[in-house]
Amino acid sequence: MNRIFRALLDRLWFLRATWPPLCLAVCCLTLSRLHMPVWWGVLCVIGALLLCTDSLARHREFRALRHSVRLARGLSGEALARFRAARTTWCSRRAAIAAAYAEGFGTDARALVDDWGYKPWHVFPDRAFSLRSPFLRLSFWQSVLGIRR
């Protein structure tokens, strides 16, 4: 029984990495069901599709980070470099922290994120409301769509 439970938990670690975009996608789909103009529903469905692709990209990022942490046996070397690269957006941070927790280095990952000054309510990407906003960059949208990174 313990082995079955452990196998189930091992399979569900990715949900800790992908829950932010999945929850936002559910919210978008819920908003699309409101009795609003048609254009509102279409925008909400497009947003939900974008968030689902972002969830897939975070899952891929989670697997790559988990593999790096496993090979490095902790947050050092390439694993630390990948972890640092994932710190700029909330969804990427969640994927990185979940990967570290899955390999048993979650407290180290949480300490790193706290040292960088990120709090749980830091949802928007770094520099989101400036002229250097990631929303205006092609690389951000490639990351969201899972095309690159």
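Up top is the structure.
## A word on the environment of Val-113
So, point 1. Tracing the chain through its elements places Val-113 in helix 5 (residues 106-115).
So, point 2. Looking at Val-113, the relative accessible area reads 4%, which means it is buried.
So, point 3. Once you skip the residues sitting within four places of it in the chain, Val-113 turns out to touch Phe-83, Arg-93, Ile-97 and Tyr-118.

## Re the pattern of salt bridges
So, point 1. On inspection of all chains with the given rule, the structure shows five salt bridges.
So, point 2. Its salt-bridge partner being Arg-66, residue Glu-103 comes within 2.6 Å of it at the nearest N-O pair. Taken together, the residues Glu-103 in the loop between helix 4 (90-102) and helix 5 and Arg-66 in helix 2 (residues 38-72) connect sequence positions 37 residues apart.
So, point 3. The network of salt bridges with common partners includes Asp-54, Arg-58 and Glu-61.

## Some details on the packing of helix 2 against helix 3 (residues 78-85)
Each pair of packed helices can be described by the angle between their axes along with the distance between the axes.
So, point 1. Orientation of helix 2 relative to helix 3, taken along the N-to-C sense of each, is 150 degrees, at an axis distance of 8 Å. Relative to helix 3, helix 2 is oriented roughly antiparallel. Crossing of helix 2 over helix 3 shows left-handed handedness. Packed against helix 2, whose contacting residues are Ala-64, Leu-65, Ser-68, Val-69 and Ala-72, the element helix 3 presents Glu-78, Ala-79, Arg-82 and Phe-83 at the interface.
So, point 2. Of the residues in the contact of helix 2 with helix 3, the class split is six nonpolar, one polar and two charged.

The rules behind these values
- Residues numbered from 1 in each chain as written.
- Predicted model: local features only at pLDDT ≥ 70, side-chain atom pairs only at ≥ 80, totals over all residues.
- Heavy atoms only, no water.
- Helix = DSSP H or I, 4+ residues; strand = E, 2+ residues; numbered from the N terminus.
- Buried < 20%, exposed > 50% of the residue type's maximum accessible area, 1.4 Å probe, protein only.
- Contact = heavy atoms within 4.5 Å.
- Salt bridge = Lys/Arg side-chain N within 4 Å of Asp/Glu carboxyl O.
- Axes fitted to C-alpha atoms, helices over the stretch in contact; angles between N-to-C directions.
- Parallel < 35°, antiparallel > 145°, perpendicular 65-115°, else oblique.
- Left-handed = near helix turned anticlockwise from the far one by under 90°.
- Nonpolar A, V, L, I, M, F, W, Y, C, P; charged D, E, K, R; others polar.

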